[in-house]
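# Coordinate analysis (summary)
These are the residues of each chain, in order.
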Amino acid sequence: IDKDFDPATWSTSVTGATNFVLTPFENGMKMTYTGSSSRSPRITLTKTMNLWSLPDKVIVRINPGDALIKSLAMSFKTPNGDTFLDNRTVSLTPNAVNEIEYSFKDMFDTSDMINFPIEFRYMSIYLTSIKSGTEYAIEIPAFETVYDSFSGVEDVIAPSTPSLTLIPNPVAAGE
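Report on the accompanying structure. (Residues numbered from 1 in each chain as written. Predicted model: local features only at pLDDT ≥ 70, side-chain atom pairs only at ≥ 80, totals over all residues. Heavy atoms only, no water.)

### Description of the sheet that holds strand β5 (residues 57-63)
Reading across the sheet, the five strands line up as β2-β3-β10-β5-β8 and stay open at both edges, with antiparallel pairing between neighbours. The sheet is open, and its two edges are formed by β2 (17-25) and β8 (98-103), each paired on a single side. With direction set aside, neighbouring strand axes in the sheet form an average angle of 20°. (Pairing = 2+ DSSP bridges. Helix = DSSP H or I, 4+ residues; strand = E, 2+ residues; numbered from the N terminus. Axes fitted to C-alpha atoms, helices over the stretch in contact; angles between N-to-C directions.)

Below, the structure written as structure tokens:
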């Protein structure tokens with residue numbers, strides 16, 4: 001989704017952590033931080049981006065490391081101003097890559113072209129608990145749009161002899 005990931009183009013809001021650092025990681029990002037005491041620890045990453053073409057879903061591959069994540073929320077907006085927040089309760093395997101899918105057909109009518117391009121707004125990671133003074137790292141190696149079907153032109157081959165005829169042809173030779 002953010003091919004040339006630049007942390008400076010993202011806004012972050014963090015509760016329950018200090019020393020938060022956002023860096024590029026594979027096709028996504030990595031968050032490192034130190035836990036601090038807080039109720040409702042959360043990391044919110046914000047960047048307004050159009051998801052071009054007609055994606056069917058968004059997939060987030062996430063390795064929570066030792067962080068205990070209870071839910072992951074994604075916010076999207078359509079061109080007509082409708083906003084959608086899909087907050088998923090998740091059960092992630094620690095220190096392993098987990099996949100979470102957000103299907104647009106579950107949010108709005110994907111057959112209506114008025115809903116495209118979809119705009120990504122933000123992602124919030126809600127943590128169940130956090131240990132003060134503990135170092136954490138959450139990796140998101142992939143943050144991608146998925147297209148269930150693809151159609152298009154594969155090859156365009158021009159004929160060896162032109163076959164364009166202009167009728168009536170008012171152009172005389174040399175003019």
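### Some remarks on the environment of E144
Structurally, E144 is set in strand β10 (residues 135-146). Spatially, the C-alpha atom of E144 lies 9.8 Å from that of E101, the residues being 43 residues apart in sequence. If sequence neighbours within four positions are ignored, E144 has contacts with I1, N27, K57, V58, I59 and R61. Of the polar contacts made by the side chain of E144, one reaches the side chain of R61; its length is 2.6 Å. (Contact = heavy atoms within 4.5 Å. Polar contact = N/O pair within 3.5 Å; in protein donor to acceptor, adjacent residues only side chain to side chain.)

### Things to note about the pattern of salt bridges
Under the definition given, this model contains eight salt bridges. For D86, the salt bridge identified is with R88, shortest N-O distance 2.9 Å. You can call D86 buried: its relative accessible area is 13%. One salt bridge connects E119 with R121, and the closest N-O pair in it is separated by 3.5 Å. (Salt bridge = Lys/Arg side-chain N within 4 Å of Asp/Glu carboxyl O. Buried < 20%, exposed > 50% of the residue type's maximum accessible area, 1.4 Å probe, protein only.)

### Comments concerning the sheet that holds strand β6 (residues 68-77)
Within the open sheet, the five strands sit side by side as β1-β4-β9-β6-β7. Their pairing is antiparallel. The outermost strands of the open sheet, each flanked by one partner alone, are β1 (11-15) and β7 (83-89). For this sheet the average axis-to-axis angle between neighbouring strands, irrespective of direction, equals 15°. Pairing of β6 with β7, which is carried by seven bridges, proceeds in the antiparallel orientation. Of the residues in β7, the one forming a bridge with S75 is L85.

Treat this as a map of the structure, not an account of what it does.
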